[in-house]
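Each chain is listed here by its residues.
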Amino acid sequence: MPESPEVQILAEDLDRALTGRRIQDIDLIEARVWKTRERPAAGIAGCRITGVSRYGKHVDLEIDRGSLVVSFGRAGWARLRAPEPASAAMDPDAPPVVAAISFDDGSALDLTDAGEWLSLGLSWVDEPLQVPAIAKLGPDPMGPAYTREDFARAVDGRRKRLKALLVEQESFSGVGNAYSDEILHTARLSPFTHAAALTDEEKDRLFATVRAVLIDATAARRDTPPAELKAAKVAAMRVHGRAGDLCGVCGSPILDVPGTSQGAQYCPGCQTGGEPLPE
């Protein structure tokens, strides 16, 4: 699942490549990606891209007739395609293209979805907040305006496990399954701890860690091409996806978090006092 560091880098890359370009056409290979039925997709032909920005895990292609919002969902992504002969070979292992936006210079933006069920969506709106998933987003921990008060509103008094809370988009915009594991490992906190049970010192540690993990991940991969971001993200994980490996901090075997449908991992030595979480 794309998360805020990778989506931020993609947005910056698209902003550099597409701002000023005029949309020539859009091909909805999978018609279900188009979410605004009252506005036919063909209407964006001729629009000029005026900028690209990020909202949580969504990218806003700002156009001179509003916003074209790309919501990546669980397995969506985007790749720029340079002008090339129609006969150019395609990577047979690449995820399927579900929509393609072509531009006046012959380049195109291919939107892909590698999931078993379609999760990527396209919405043409007057402003991004008209997309329900964006309207409900909470403060962005990577944003320069994010404060300790924003964090406190999301955490204080919440009888919710930290793992579930961190992926709640209304509380921590842009954080997903992988980075929530990394945040909790770095903060030395159990995924099963309820937010309401945190001490003041643990809250301070978690607040600092949420920002540091996301900001550091973005900085570390800022020069990585978008097509390589997923692999770079996987390679950088310390606990997520590492079940069975030894923790690089304490040497304990990394375990799966019990009962997590999407797969999550933790280190008992660093996070739960050496004891495995109960099944």
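Computed from a predicted model, the values in this text were never measured in an experiment. (Residues numbered from 1 in each chain as written. Predicted model: local features only at pLDDT ≥ 70, side-chain atom pairs only at ≥ 80, totals over all residues. Heavy atoms only, no water.)

A. Representation of helix 3 (residues 148-155) in the model. Every buried residue of helix 3 is listed here: Asp150, Phe151, Ala152, Ala154 and Val155. In this structure, the buried residues of helix 3 make contact with helix 4 (162-166) and helix 6 (200-220). Downstream of helix 3 by one or two residues, glycine 157 has phi in the positive range, about 75°. (Buried < 20%, exposed > 50% of the residue type's maximum accessible area, 1.4 Å probe, protein only. Helix = DSSP H or I, 4+ residues; strand = E, 2+ residues; numbered from the N terminus. Contact = heavy atoms within 4.5 Å.)

B. Representation of the environment of glutamate 12 within the structure. Mapped onto the elements of the fold, glutamate 12 is located in helix 1 (residues 4-18). C-alpha of glutamate 12 to C-alpha of arginine 222: the two residues are 210 residues apart in sequence and 9.0 Å apart in space. Within the structure, the side chain of glutamate 12 is placed 2.8 Å from the side chain of arginine 222, a separation counted as a polar contact. (Polar contact = N/O pair within 3.5 Å; in protein donor to acceptor, adjacent residues only side chain to side chain.)

C. Representation of the environment of proline 139 in the model. Relative to the helices and strands, proline 139 resides in the loop between helix 2 (132-135) and helix 3. Judged by its relative accessible area of 30%, proline 139 falls in the partly exposed class. Taking C-alpha positions, proline 139 is 9.1 Å from alanine 154, a pair spaced 15 residues apart along the chain. In this structure, proline 139 is in contact with Tyr146, Asp150, Glu170, Ser171, Phe172 and Ser173, ignoring residues within four places of it in sequence.

That's the geometry; what it means functionally is another story.
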